[in-house]
4 protein chains.
Amino acid sequence: MDNNKIRMAMIGGGEGAFIGAVHRIAARLDGQIELVAGAFSAQSNKSLAMGQQLGLNPARCYASYQTLLQQEAELPESERIHFVAIVTPNHLHFPIATAAIEHGFHVLSDKPATLNLSEALRLQTQLQKSNCLYGLTHTYTGYPMVKEARHRIANGELGKVRKVVVEYSQGWLASADDENSKQASWRLDASKSGVSCCMGDIGVHAANLAEYVSGLEIEALCADLNTVVSGRQLDDDGTVLLRFGNGAKGVLMASQIALGEENNLTLKIYGDKASIEWSQMEPNSLWLRAANAPAQLIRTGVGSLSQAAISATRVPAGHPEGYLEAFANIYLNFANLIRAHQQQPNVQHEEFDVPSINAAVRGMAFIENAVAASAKDTKWHPFTIG
Amino acid sequence: MDNNKIRMAMIGGGEGAFIGAVHRIAARLDGQIELVAGAFSAQSNKSLAMGQQLGLNPARCYASYQTLLQQEAELPESERIHFVAIVTPNHLHFPIATAAIEHGFHVLSDKPATLNLSEALRLQTQLQKSNCLYGLTHTYTGYPMVKEARHRIANGELGKVRKVVVEYSQGWLASADDENSKQASWRLDASKSGVSCCMGDIGVHAANLAEYVSGLEIEALCADLNTVVSGRQLDDDGTVLLRFGNGAKGVLMASQIALGEENNLTLKIYGDKASIEWSQMEPNSLWLRAANAPAQLIRTGVGSLSQAAISATRVPAGHPEGYLEAFANIYLNFANLIRAHQQQPNVQHEEFDVPSINAAVRGMAFIENAVAASAKDTKWHPFTIG
Amino acid sequence: MDNNKIRMAMIGGGEGAFIGAVHRIAARLDGQIELVAGAFSAQSNKSLAMGQQLGLNPARCYASYQTLLQQEAELPESERIHFVAIVTPNHLHFPIATAAIEHGFHVLSDKPATLNLSEALRLQTQLQKSNCLYGLTHTYTGYPMVKEARHRIANGELGKVRKVVVEYSQGWLASADDENSKQASWRLDASKSGVSCCMGDIGVHAANLAEYVSGLEIEALCADLNTVVSGRQLDDDGTVLLRFGNGAKGVLMASQIALGEENNLTLKIYGDKASIEWSQMEPNSLWLRAANAPAQLIRTGVGSLSQAAISATRVPAGHPEGYLEAFANIYLNFANLIRAHQQQPNVQHEEFDVPSINAAVRGMAFIENAVAASAKDTKWHPFTIG
Amino acid sequence: MDNNKIRMAMIGGGEGAFIGAVHRIAARLDGQIELVAGAFSAQSNKSLAMGQQLGLNPARCYASYQTLLQQEAELPESERIHFVAIVTPNHLHFPIATAAIEHGFHVLSDKPATLNLSEALRLQTQLQKSNCLYGLTHTYTGYPMVKEARHRIANGELGKVRKVVVEYSQGWLASADDENSKQASWRLDASKSGVSCCMGDIGVHAANLAEYVSGLEIEALCADLNTVVSGRQLDDDGTVLLRFGNGAKGVLMASQIALGEENNLTLKIYGDKASIEWSQMEPNSLWLRAANAPAQLIRTGVGSLSQAAISATRVPAGHPEGYLEAFANIYLNFANLIRAHQQQPNVQHEEFDVPSINAAVRGMAFIENAVAASAKDTKWHPFTIG
């Protein structure tokens, strides 16, 4: 154990859980965080096996998050964890986050924040009363060129934003056979996933990205969610028309049945002076197009960039950074937030660029509003929270 | 005058009219058609000047389409035109087409077919009673890789089509200043353009392309048309959610205010076996993606292609063909259709792959249904014709 | 026959000759040139058949270029041709061009100009003594973005040019089987093609493009030509290292056995202030990259461009123009040159941007120098002419 | 300290040394390796400061590699390091590696292996007599799609390899001003860098990549190395023509003055059945093109891939992995090699896919042969080792 490092416990992320391994790499990458405890599985032998594989002290490999929280809380301050990372299926996010906060631990949670909006609102209230920090791994906000786009829009380079088009297309659930994987099965089970599969799993990323980069908030929506592969409980595809606070129009397309698509998250924002385009599968490029001028290809590490983009970059231009580095940026910023909070409890969360409980609440509201809007015969549905 | 060639008159297409010059190049490119007459402008000196610039016999440069039709009809069969190309603003398409057919001339019209659906239906009825041929320049169907995509889908390579996403984004009307051009002003004037600017000018291309390639027909829609630049009579942007006859879902996005976009028409069709993607700005490439396999980049001129694609290609692989060649393919097919009709009046229009009066009617219905759907508070609107 | 048009005869270009059809489309596309005569084949019935297919007067379909030149010369000035287009295999370029000039006709020749440098030099001398114009179809100089690149370099935007890399890769001769086509067989036959296949057919395009855009001349070279497919008389692949007049270094790669390549002609020029990159298969894009700044994607039809690029463009941005339009630009400029020459015999050829006899001589010198350099054991070979 | 982990010391990599940070991330990323000691700087306070910043035990932060090796060797086996990572300027690679081996430590060295070929050969001899393992960080061999390309070629999918084109272009030394950075200054100093800057720094990567993927060895070369920016001791640009063992031809281009290029390493290999193309700046894509068939875009994580590619991939398709992951793959494989060696001293290095001392020797030979070949007037120079 390295006393300089921020100490983390992982809850979930046992054998076969893709996102647990991603969180661990992200936590490890910059050498600021040390994984020291875990409740990787509800089966104690499995949890122990995973912990040992990861080099943890067996005494800190737990079979339940309750035990983990209780026992970690009893450790001396110099040893016990600073935060828990929650990487379980969605239905467990809320009880774990709640319990962690009760024990005084900060929380970094996978998305979507909770099983439903009501939980997210309760979590928000709990956090306001606590001294704990909360972050949500909206990974795509961690890319340098996403931060650059946000910076340029905030600086007015696009003028007034008029239109936002965000697409998140995947093909991995295109066939009924695809449901048998561990990752697919819980996502299609409403009791574990919530009211939506496609909007809850990826649509919420797209909505978050649109709001994060544009600086605007969704105010109304018109949704068309579909269950394309028959027999599923939940949606696997959908399109949502959007209205933003400044009057801008938007289109959000998400699909898990777009056969042949890998992880195609693309954002285009059109202003009255210029537009931007960014695509997750070529993340180190950002197009900026102004009227009557050559398009500019802004690249990670090239030329004059915002501090946010520079800080999120590790290697020189042309050495591609990818998904794991974007993810690590969330972890790194969260570690920096914790350190700052150690010095100054009233630290401003916003300055650390970590997706917050507010983003978490808006994300859950997006999911529920999209589902509600899709069920209605009227076209437009106000975006309501609670 | 070359007696082997199909003879054409142009109506519209005077100085400054972009699309007139395009039609002339398209007609000329394959050496099958000769422009021999024209009513290029309502001002006789202007019409004459343009005709002389084009090397026409001054006697066949007319100041009105009425005169043109009347006088051409009086010429000996071996001299008079076979067809008129209509390249005027929209409100003149119907009266000119009607008059041309009355005089026994075939018609190749720019899109949209007429000012409104009612006219298109009357034109359809008139054509059924006549011995005249009619074609519509839905240019984008002229590209070899569009034809290849259509062929592959018809052959079942995609399996059941589940989702169609078509985007047509331009930025040329992003600013109010852009309205002053000749081309912009009439498109934004309902009396000349019809009930829609954006859907009428480009949305109709997108709808046609989606139906042409997928082989499906739109059955219902949910529309959100916008006038983004204030002060305009008509829409300059819009999104339309679609339902196709086989249950497939669709999204059609069209915009003329997408600043920085040139002429970005992109089509993605997802089936349960594979998907395709085609983009007009790289027209000689067609992506085909099947499950769990490398994506295939099908290229004009490479490997085994459909006869429709091969016939629409003039030069070897890697020698890019573009918009003018796609346009010329419509003209070439129309010339072939006329020749076949000369031999056999009952020729099947469909075999010649020229957008027909049926496509014209569906296009006008699309425009009117999209406008009607957009005005309604209910989400879904049935696609009705007449 | 249209008296406003420039009248052309074609020599070569019979059935199955790909490049003849391309020349005809290029000549036709802008409506400035009329094909009125031809010696398409040495067999009179074939020549006649092709002429009739093209709508020519049978009396002007000849079985030999000698007859064509003689009989056309006897026609009244208002009827007879202005120029001949030579589209035969290489070994006939010189005798035809020579004879045409003797009969007072201008010449537009396919490349390479002649069978060898000696012929090119004699042709140059003959032209200097004549009142005839000569152009060479180095097609790739006809693209708007190639002209834009040249303009930017001439204007100093790249600073001092340091390095030129040009690649021209094709795969169509990758297999011995590929030799059976009409187009392959003569190119691999030294008596018809000259001392080189690959350098003569495509390397010469690459060398011309490098000099045209950079404004520099090759002064020395080190060559490695290869016959990859065994049994061939001539090279089918090669790399040539270059030294330019200003000290800039260069690399020219050409291959006809690069299996999988279509027609990949790519040019990169690096200066001390900026660099450009252009690729023929995406011809409407030109990259301009300056130090410490976003790359700029200059696009045909977008923003402020050189007059040379604008004049070479027919349709708005985003409507791709391709190979045939680039080819047509050579024809159009040649027609304009002829018209100007009709007014003023001392017209400056350079102003019309048509590849000239000087380019022709340099091209033939490039081919012969590359072959000579490849045969030598010493590394560097001076670029000599005659 | 985690007893399951492979323990590493870093030599070099102090403040401002870009590559040191990269090595640390790469070592850390997969959680298999722990950095426990370091001689980061020759100034003991700087070395200590860096070590503390990294959370090391201050007692294991040394001011010289000699002290590090000596003191680590005295630690109990359960504590002392397993290997040293060498990230100093080139001239120190050999003495450090030699000393490390003398102390019984494995070595993972940055490239180029040594200051000159003679040192590399001595190192090879020393290793043969030792029980130590040696690896070289030819990072680009760590990419999954590079491994896939190698696998496909080894399996015969390309048929006989005929031509290899490898380009490595950067612009970061385009200006004399660029020399002032710490990273530039030693690379341009022959006493620290060796006989070449451009070939030693990046050309050697390109040569290694060409041999690694093609499975062929360079047998002869013709080189043209240049010092483009005046006043430099060493080359900053160069082209090398290649002959491979099977008769295949090659071209290797490397440049550090290619203004506007970031880190453009591109490899194209043409066989008689198919060709491949890979580019480091889009590393998760691999083009495979066979004759008369659509090009295939092979993507990390999609479809049926080689075990080598799968093992080198951490996240699902469409979640881009980049340079740091490729680097981490070298570290991970080296850790696996060490573990296997712990079990079985005669372990086959080749099975672990870590660039070996043989690659190191060939790399140094490439650099020296290129420099020698460039200095000669004769064209071809045999590739000799020692």
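Quantities reported herein were computed from a predicted structural model and do not represent experimental measurements. (Residues numbered from 1 in each chain as written. Chains lettered and ligands numbered in written order. Predicted model: local features only at pLDDT ≥ 70, side-chain atom pairs only at ≥ 80, totals over all residues.)

**Describing the overall build of chain A**
Stage number 1. Counting secondary structure elements, chain A contains 12 helices and 14 strands.
Stage number 2. Whereas a compact globule of 386 residues would reach a radius of gyration of roughly 21 Å, chain A reaches 20 Å, a difference of no more than 12%.
Stage number 3. Each principal axis of the C-alpha atoms in chain A carries an extent, and together these give about 65 × 50 × 40 Å.
Stage number 4. Sequence-distant contacts, at least 24 apart, represent 69% of the contacts inside chain A between residues at least 6 apart. (Helix = DSSP H or I, 4+ residues; strand = E, 2+ residues; numbered from the N terminus. Rg over C-alpha atoms; globule rule 2.2 N^0.38 Å. Contact = placed C-beta atoms within 7 Å.)

**What about the packing of helix α6 (residues 144-154) of chain B against helix α9 (residues 198-214) of chain B?**
All names here are of chain B.
Stage number 1. Where α6 meets α9, the axes come as close as 7 Å, and the angle between the chain directions of the two elements is 45 degrees. Comparing their axes, α9 and α6 come out oblique. Contacts from Val146, Ala149, Arg150 and Ile153 of α6 reach α9 at Tyr212, Val213 and Ser214.
Stage number 2. For the contact of α6 with α9, a count of residues per class yields five nonpolar, one polar and one charged. (Axes fitted to C-alpha atoms, helices over the stretch in contact; angles between N-to-C directions. Parallel < 35°, antiparallel > 145°, perpendicular 65-115°, else oblique. Nonpolar A, V, L, I, M, F, W, Y, C, P; charged D, E, K, R; others polar.)

**What about the relation of the copies chain A and chain D?**
Stage number 1. Aligned on chain D, chain A shows an RMSD of 0.0 Å; the corresponding rotation is 180 degrees and the shift along the axis is 0.0 Å. Such a turn and shift between the copies fits a two-fold axis.
Stage number 2. Most of the interface of chain A is mirrored in chain D, where 100% of its interface residues are also at the interface. (Least-squares fit on C-alpha atoms with pLDDT ≥ 70 in both.)

**Some details on the interface of chain A and chain D**
Stage number 1. On the chain D side, the residues contacting the 31 residues of chain A number 31 residues.
Stage number 2. Elements with a contribution of two residues or more to the side of chain A that touches chain D: α1 (18-29) and α11 (323-343) of chain A.
Stage number 3. Considering every element that reaches the side of chain A that touches chain D, the biggest residue donor is α1(A), with six residues.
Stage number 4. Taken together, the residues that form the side of chain A that touches chain D break down as 14 nonpolar, eight polar and nine charged.

**Observations concerning the UniProt feature "domain: Gfo/Idh/MocA-like oxidoreductase N-terminal" (unreviewed entry) in chain A**
Stage number 1. UniProt marks residues 6-136 of chain A with the feature "domain: Gfo/Idh/MocA-like oxidoreductase N-terminal" (unreviewed entry), using the numbering shown here.
Stage number 2. Taken end to end, residues 6-136 of chain A comprises 42% helix and 20% strand; its first and last C-alpha atoms sit 17 Å apart. (UniProt positions renumbered as here; feature names shortened; annotations may be inferred.)

**Thoughts on unusual backbone geometry**
Stage number 1. The peptide bond linking B:Lys111 to B:Pro112 adopts the cis configuration, its omega dihedral lying at -10 degrees.
Stage number 2. Assignment of secondary structure puts B:Pro112 in the loop between β4 (106-109) and α5 (117-129).
Stage number 3. Although it is not a glycine, A:Asp353 adopts a positive phi angle of roughly 55 degrees.
Stage number 4. The topology assignment puts A:Asp353 in the loop between α11 and α12 (357-375).
Stage number 5. Looking at A:Asp353, the number of C-beta atoms within 10 Å reads 22, which means it is buried. (Buried ≥ 20, exposed ≤ 12 C-beta atoms within 10 Å, placed from the backbone.)

**Overview of the sheet that holds strand β1 (residues 6-12) of chain A**
Residues and elements named next belong to chain A.
Stage number 1. A sheet is described by the order of its strands in space; here five strands give the open sequence β2-β1-β3-β4-β5, paired in parallel fashion. Strands with a single pairing partner mark the edges of an open sheet, and in this sheet they are β2 (33-39) and β5 (134-136). Mean inter-strand twist for the sheet, computed between neighbouring axes without regard to direction, equals 25 degrees.
Stage number 2. Pairing analysis gives four bridges linking strand β3 (residues 83-87) to strand β4 (residues 106-109), with the strands arranged parallel. Residue pairing in the sheet places Ile86 in a bridge with Ser109 of β4. (Pairing = 2+ DSSP bridges.)

**Thoughts on the sheet that holds strand β4 (residues 106-109) of chain C**
All names here are of chain C.
Stage number 1. Spatially, β2-β1-β3-β4-β5 is the arrangement adopted by the five strands of the open sheet, whose pairing is parallel. Every other strand in the sheet has two partners, leaving β2 (33-39) and β5 (134-136) as the edge strands with one partner each. Neighbour-to-neighbour, the strand axes of this sheet turn through a mean angle of 25 degrees, independent of strand direction.
Stage number 2. Pairing geometry for strand β1 (residues 6-12) and β2, over six bridges, is parallel. Within β2, the position partnered with Ile6 by the bridge is Ile33.

**Regarding the relation of the copies chain D and chain C**
Each of the two copies of the chain can be brought onto the other by a rotation about an axis and a shift along it.
Stage number 1. For these two chains of identical sequence, chain D goes onto chain C by a turn of 180 degrees and a shift of 0.0 Å along the axis, with RMSD 0.0 Å.
Stage number 2. A share of 100% of the interface residues of chain D reappears at the interface of chain C, consistent with the copies meeting face to face through the same patch.

**Considering the pairing of strand β7 (residues 218-226) of chain C**
Residues and elements named next belong to chain C.
Stage number 1. Inspection of the sheet shows β7 paired to strand β8 (residues 237-244) by eight bridges, in the antiparallel sense. The residue bridging Asp224 from the neighbouring strand is Thr239, located in β8.
Stage number 2. Where β7 lies against strand β14 (residues 381-382), two bridges are found, and the strand directions are antiparallel. In the sheet register, Ala220 faces β14, and the bridge partner there is Pro382.

**A closer look at the interface of chain D and chain C**
Stage number 1. Contacts between the two partners involve 32 residues from chain D, matched on the other side by 32 residues from chain C.
Stage number 2. For the side of chain D that touches chain C, the secondary structure elements donating two or more residues are β6 (161-169), β7 (218-226), β8 (237-244), β9 (249-255), β10 (264-271), β11 (274-279) and β12 (285-290) of chain D.
Stage number 3. For the side of chain D that touches chain C, the element with the most residues is β9(D), which contributes four residues.
Stage number 4. Per-class residue counts for the side of chain D that touches chain C are 15 nonpolar, eight polar and nine charged.

**Describing the packing of helix α1 (residues 18-29) of chain D against helix α11 (residues 323-343) of chain D**
Residue and element names in this part refer to chain D.
Stage number 1. At their nearest, the axes of α1 and α11 sit 8 Å apart, and the two run at 65 degrees to each other. Considered as vectors, α1 and α11 are oriented roughly perpendicular to each other. Of the two possible hands of crossing, α1 and α11 adopt the one that is right-handed. Across from Val22, Ile25, Ala26, Ala27 and Leu29 in α1, the residues of α11 making contact are Leu324, Phe327, Ala328, Ile330 and Tyr331.
Stage number 2. Residues belonging to the contact of α1 with α11 are distributed by class as follows: 10 nonpolar, no polar and no charged. (Left-handed = near helix turned anticlockwise from the far one by under 90°.)

**Description of the domain arrangement of chain A**
Residues and elements named next belong to chain A.
Stage number 1. Entries for chain A in the domain assignment read domain 1 (6-140 + 330-356) and domain 2 (144-315 + 363-375).
Stage number 2. Each of domain 1 and domain 2 has a C-alpha centre, and these two points are 25 Å apart.
Stage number 3. Taken together, the 17 residues of domain 1 in the interface contact 22 residues of domain 2.
Stage number 4. Grouping the amino acids of the side of domain 1 that touches domain 2 by side-chain chemistry returns nine nonpolar, six polar and two charged. (Domains from an automatic or database assignment.)

**Examining helix α4 (residues 93-102) of chain B**
All names here are of chain B.
Stage number 1. By the burial criterion, the buried members of α4 are His93, Phe94, Ile96, Ala97, Ala100 and Ile101. Looking down the long axis of α4, one finds its buried residues gathered within 165 degrees of arc, a one-sided arrangement.
Stage number 2. Of the residues trailing α4, Gly104 is marked for its positive phi of about 85 degrees. (Arc of directions from axis to C-beta.)

**Focus: the environment of B:Leu48**
Residues and elements named next belong to chain B.
Stage number 1. Looking at the secondary structure, you find Leu48 in helix α2 (residues 44-53).
Stage number 2. Residue classification places Leu48 among the partly exposed residues on the basis of 18 C-beta atoms within 10 Å.
Stage number 3. Spatially, the C-alpha atom of Leu48 lies 9.9 Å from that of Gly14, the residues being 34 residues apart in sequence.
Stage number 4. Not counting chain neighbours up to four residues away, the residues in contact with Leu48 comprise Pro58 and Cys61.

**A word on the environment of B:Ser47**
All names here are of chain B.
Stage number 1. Looking at the secondary structure, you find Ser47 in helix α2.
Stage number 2. A tally of 25 C-beta atoms within 10 Å means that Ser47 is categorised as buried.
Stage number 3. Along the sequence, Ser47 and Asn180 sit 133 residues apart, while their C-alpha atoms lie 23 Å from each other.
Stage number 4. Aside from chain neighbours lying at most four places away, what touches Ser47 is Gly14, Gly38, Ala39, Phe40, Ser41, Cys61, Tyr62 and Ala63.

**Points about helix α5 (residues 117-129) of chain A**
Residues and elements named next belong to chain A.
Stage number 1. Its 13 residues place the ends of α5 19 Å apart at the C-alpha level, agreeing with the 18 Å of an ideal helix rising 1.5 Å per residue.
Stage number 2. Turning to α5, its buried residues number three or more, namely Leu117, Glu119, Ala120, Leu123 and Gln124. Buried positions in α5, seen along its axis, are confined to an arc of 155 degrees and lie on one side of it. Looking at α5, the residues exposed on the side facing more than 90 degrees away from the buried face are Thr125 and Lys129.
Stage number 3. In this fold, the buried residues of α5 make contact with α4 (93-102) and α12. (Expected span 1.5 Å × (residues − 1).)

**So, the pairing of β1(A)**
Residue and element names in this part refer to chain A.
Stage number 1. The buried count for β1 comes to seven of seven residues, which makes it a mostly enclosed element.
Stage number 2. Note on the crossover from β1 through α1 to β2: the handedness is right-handed.
Stage number 3. Bridge count between β1 and β3: five bridges; the pairing is parallel. By the bridge assignment, Ile11 is partnered in β3 with Ile86. (Right-handed = clockwise from strand over helix to strand, strands pointing away.)

**With respect to the confidence of the model for chain A**
Stage number 1. When pLDDT is averaged across chain A, the result is 95; 99% of the residues are at 70 or more.
Stage number 2. Both scores are available for the predicted complex, with the pTM at 0.97 and the ipTM at 0.96. (pLDDT = per-residue confidence, 0-100.)

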